[in-house]
Amino acid sequence: VALDFELTDEQRAVRDLAGRIAAEVLSEAARTAEQAKTVGHEIWRKIAQTGLAPAIPEQYGGGGLPDALASFLSFEAFAHGDAAMTSGIVWSANAAFLLAMCGTESQRSEHLPALAAKPECRAGIALYEGFGRAPSEYRTNIELQNDGRWRVIGRKVAVPYGRAATPLIVVGNDPGSGCLRAAILTPHDSGVVMEQNASLIGLAAAPTENLKLEVVLSAGRLLGGANGDPELLARAVAHVRLTTAFIALGCAQRAVEYASHYATERIAFGRPISQFQGTAFLMADAQVQINAARLESLEVASRLATAGVAKLERSVSMAVSYACAAATRATRDAVQVLGGHGFITDHPVERWYRAAAGLSTLDFDVTCSAFSPVL
Amino acid sequence: MMDFDLSPDLQRHQEAIRSWGREVAWPLARQADTEHHIPANALAVLDTCPVAIDRIDAGAKGLPTYPDGDLIRDIALWEAVTYGDAWLWESMSKGVGHLIVQKIGTPEQVERWYEPISRPGGGATGLGMSEPGTGSDTSGIATTAKRDGDNWVLNGAKMYCSRGAESEYIVVLASIDRAKRHAGIRAFVVEKNTPGLIITRPNESKLGLRCWVTTALSLENCVIPVGNQLGWTGKDDEDVAIKSLGRALSSFNYTRPLVALQACAFARAAFDYASELLQRERRNFAPHRWQKIEWELEHMDVAIERGRRFAYHAIWLDARGLPNRLEAAAAKAYGPPTAELIIRRCMQLLGPVGASEDHLLEKWYRDCKIFDIFEGTGQIMRRSISRILMGPAAAS
């Protein structure tokens, strides 16, 4: 064991493959997907064929689970093409990931084959609650009733595909054990009420709903069963939350590259604006923050299996917060570099400005950063 | 004696406009954004304003007078209107083309092109300044004007021409000699429907401020009479025209701080909007987070006031006829990016709910981005300030 920043061959290959698809497919389709408010089946199929999202174990018809780092790097690379479509794809893949990691054998066989085979299948996780809550603070309860059945009660925001998610995995806390639990819902379950279905700024291609839940289920619908391992679930949830950091960073990196290139071509006062420090340093600062955030997120990713669960939860909050801060800043400054051109939709930077803002609210915790005016 | 308060009446009227804006303008703000236009009933809504702001465009006559003076009054009312959303001020705007005519036109030109617009119901005018290849650096204007007997022939492309597609005419800046850079630029009135004036995009598709109609257009061998060159007296006296145009374009010493003030008004709207929602959800926050939120709100509140104070100071200097170049640039360097941060933070404090289209915060976050760009970007402001500090030796 020694300090080592080397990626494995698999991680590099996966990252490069995702990068190619991002450039050839996602980037091109981004505007259309935003208008259609969905990721088309063809694109969904192309991504699924890579085996990266959703990643499904071989025995359920997928290509196997890549290691966590490879998976994050591929999401970052996809988001370099388009953050909103990547969000829609990754959010569904995250539900498959929870099933693969924490589900019982029968739960996996019930849901994973369809997610591997059918591009029209969209799964989702009812995870976030807003109010800065981390998973251990979620107020959604998954509790044992006197009749031996389990009651899921609570409110969730930004639920991918909302009531239509198949399946919909709800993450909450078990007041009996004080531990994290998750339950598997399908659109047939009653007691799921949609409270709001407006999409988040910049993420129209990844539709979400806010849900009010009051559902009663048999123990067989608890993810991993009534004796599921809460620590395993906590680690899997940390993994899921961390995907936001990588999506934000892919978006941020693209914005910096695009605006930097623009700056070398745009002439003002007799020279390319890249020659003005006021422009160049905006991008330099953005790149500094992106790199710092990427290393932080990679470290958290590398500790997902080993860090103490409480420490892990907090470090995910911090990493996501910082990556989103990097992304909102980088995309904002990219618009700034393009000036008036940045404010019109002929250039994609305005889309990234919006997407980064939407992502930044998902898992926002006010204790992870502080407001500070520009000067 | 120093006094940081507007006169009591003006303050009261500002407050009246703000509450009216919350009541009548916020509910229509989403629609204006979606439809990329001011609401059809905009003028009827303006008529319900508790202060006679709908007559701002007709000059000072219809407005109350305050000890603060006319400019501060106009600015203060404008600030209050902005709080009610961009569509309100867009409804009141007639564009800026006729103001250039008023500044540099001959008496005949003023009578022909300024007077009719300045009357109620007089229509709107555009200014064709920005081009696809030229923004901050106006010396790079590539639209050309070539003299052909008693006519000028214009060729080029313009973008961000406010109200262009709806204007009675557009004041087009074009170069009669590109080698002369700034000194070659003249202003020409191009009336609507002039052959060769081609509207390529009636309203550009924008990140925000979508109710603000900005037009992209091209001029293709567009022929206009020599008399349409502003300030032209029948003699090709270059110097007079150059100086007056330069003066006209730089004479609005209050537009930069005004833009800064508008950014602050958006931030204030977002702040009030978010504070109310947060307060309602207070019990959903853990106590340590609520404490942090209160701390943040306090700091945002103070930052907005810093931005306002900055802007009013710069405008007050201008109203007194005092130089304000540094103060105006500083106000604009501070307010807009700070407003962006505040609006974004307000959105984040509310979580995904705050970032949804069910609330106006995400719209204001899109809208406010332009304030650090138009009327000179934050980078141009810093450039001006360093030049004031260091002279030509300053970094560019």
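Per chain, residue numbering runs from 1 following the sequence as it is written. Lettering of chains starts at A and numbering of ligands starts at 1, both following the order in which they are written. A pLDDT threshold of at least 70 governs which residues receive local features in this predicted model, and a stricter bar of 80 or more applies before side-chain atom pairs are shown or counted, although totals over entire chains, interfaces and linings include all residues. The basis for the side-chain values is all heavy atoms of the structure; hydrogens and waters are excluded.

Visitor: Would you mind going over the overall build of chain B in detail, with residue names and values included?
Guide: Along its length, chain B carries twelve helices and seven strands. For this measure, only C-alpha atoms enter the radius of gyration; the expected value for a globule follows 2.2 Å times N^0.38, where N is the number of residues. Over its C-alpha trace chain B gives a radius of gyration of 22 Å, about what one expects of a compact globule, namely 21 Å for 396 residues. Burial classes: relative accessible area under 20% of the type maximum marks a residue as buried, over 50% as exposed, and values in between as partly exposed (1.4 Å probe, protein chains only). Scored against the burial criterion, the 396 residues of chain B give a buried share of 57%. The contacts in chain B between residues at least 6 apart in sequence include a share of 73% that link residues at least 24 apart. Accessible surface area values rest on a Shrake-Rupley calculation with a 1.4 Å probe, where residue burial reflects the displayed protein chains alone. Looking at chain B as shown, the accessible area adds up to about 16,600 Å², and 53% of this sits on carbon and sulfur atoms. Positive residues here are Lys and Arg, negative ones are Asp and Glu, while His and the chain termini are left out of the count. By convention, the charge on Lys lies at NZ, on Arg at CZ, on Asp at CG and on Glu at CD. Across chain B, the centroid of the 47 positively charged side chains sits 4 Å from that of the 50 negatively charged ones. Elements are defined by DSSP. Helices are runs of H or I of four residues or more, strands are runs of E of two residues or more, and each kind is numbered from the N terminus. Here a residue-residue contact requires only that any non-hydrogen atoms of the pair lie within 4.5 Å.

Visitor: Any chance you could break down the packing of aromatic side chains for me, citing the residues and the numbers?
Guide: Residues and elements named next belong to chain B. We call Phe, Tyr and Trp rings a pair once their centres come within 6.5 Å, taking the six-membered ring for Trp, and we label the pair stacked below 30 degrees between planes, edge-to-face above 60, and tilted otherwise. Summed over the entire model, instances satisfying the criterion amount to 20 aromatic pairs over all chains. Residues Trp212 and Phe374 carry aromatic rings whose centres are separated by 5.6 Å and whose planes lie at 80° to one another, so their mutual orientation is edge-to-face. With Trp212 in the loop between β6 (197–201) and β7 (214–225) and Phe374 in the loop between α11 (361–367) and α12 (378–390), this residue pair connects regions lying 162 residues apart in the sequence. Overall, Trp212 belongs to the buried group, its relative accessible area being 9%. Its relative accessible area of 22% is what places Phe374 among the partly exposed residues. Between the aromatic rings of Tyr273 and Trp364, the centroid separation amounts to 5.5 Å while the plane-to-plane angle is 85°, which identifies the pairing as edge-to-face. You can see Tyr273 sitting in helix α8 (residues 255–280) and its partner Trp364 sitting in helix α11, a full 91 residues away along the chain. Overall, the relative accessible area of 0% leaves Trp364 in the buried class. Clustering of aromatic rings is evident, with ring pairs tying together Trp89, Tyr160, Trp212, Phe266, Phe371 and Phe374. Two thresholds decide whether a charge sits over a ring: the Lys NZ or Arg CZ must be within 6 Å of the ring centre and within 35 degrees of the ring normal. The lysine or arginine in question, Arg268, covers the ring of Phe271, its NZ or CZ lying 5.1 Å from the ring centre.

Visitor: Tell me about the pairing of strand β3 (residues 151–162) of chain B, residues and numbers included.
Guide: Residue and element names in this part refer to chain B. By the bridge criterion, five bridges tie strand β2 (residues 144–148) to β3 in an arrangement that is antiparallel. The residue of β3 that forms the bridge with Arg147 is Trp152. Hairpin remark: β2 followed by β3, antiparallel, with two residues in the connecting loop; positive phi at Gly149, about 65°. A pair of strands is treated as paired once DSSP finds two or more bridges between them. Sheet analysis places β3 next to β7, joined by nine bridges and oriented antiparallel. Pairing of Val153 across the sheet is with Val223, part of β7.

Visitor: Just give me the short version of unusual backbone geometry, but keep the residues and values in it.
Guide: Residues and elements named next belong to chain A. With omega at 0°, the peptide bond leading from Ala53 into Pro54 counts as cis. Position of Pro54 among the secondary structure elements: in the loop between α2 (41–49) and α3 (68–81). Of note, the amide linkage connecting Thr166 to Pro167 takes the cis form, showing an omega dihedral of -5°. Inspection of the secondary structure puts Pro167 in the loop between β3 (150–160) and β4 (168–174).

Visitor: For the interface of chain A and chain B, give the residues involved together with the corresponding values.
Guide: The partner chain B presents 66 residues to the 55 residues of chain A that form the contact. For the pairing of chain A and chain B, the buried interface totals around 5,000 Å² over both sides, and the portion due to carbon and sulfur atoms is 60%. Summed over both partners, the accessible area (1.4 Å probe) lost when two parts come together is defined as the buried area. It is Phe131, Phe343 and Phe371 of chain A that lose the most area in chain A upon contact with chain B, and together they represent 18% of the buried surface on that side. For salt bridges, the criterion is a side-chain nitrogen of Lys or Arg within 4 Å of an Asp or Glu carboxyl oxygen. Linking chain A with chain B are five salt bridges. One salt bridge in this structure joins Asp372 of chain B and Arg332 of chain A, with 2.6 Å as the shortest N-O distance. Polar contacts, as used here, are pairs of N or O atoms within 3.5 Å; protein pairs need one atom able to donate a hydrogen and one able to accept it. Residues neighboring in sequence count only if both atoms are side-chain atoms. Where chain A meets chain B, there are 28 residue pairs in polar contact (both at pLDDT 80 or more). Per-element tally for the side of chain A that touches chain B: the top contributor is helix α9 (residues 349–362) of chain A, with seven residues. Split into classes, the residues belonging to the side of chain A that touches chain B amount to 25 nonpolar, 20 polar and ten charged. Residue type decides the class: Asp, Glu, Lys and Arg count as charged, Ala, Val, Leu, Ile, Met, Phe, Trp, Tyr, Cys and Pro as nonpolar, and the leftover types, Gly among them, as polar.

Visitor: Got a sec to walk through the environment of Gly208 of chain B? Specific residues and values, please.
Guide: One can find Gly208 of chain B in the loop between β6 and β7. Accessibility expressed as a relative area gives 0% for Gly208 of chain B, which makes it buried. Taking the C-alpha atoms as reference points, Gly208 of chain B and Ile53 of chain B, separated by 155 residues in sequence, lie 24 Å from one another. Apart from residues lying up to four places away in sequence, Gly208 of chain B is in contact with Phe343 of chain A together with Arg366 and Asp367 of chain B.

Taken by themselves, the reported measurements are silent on function.
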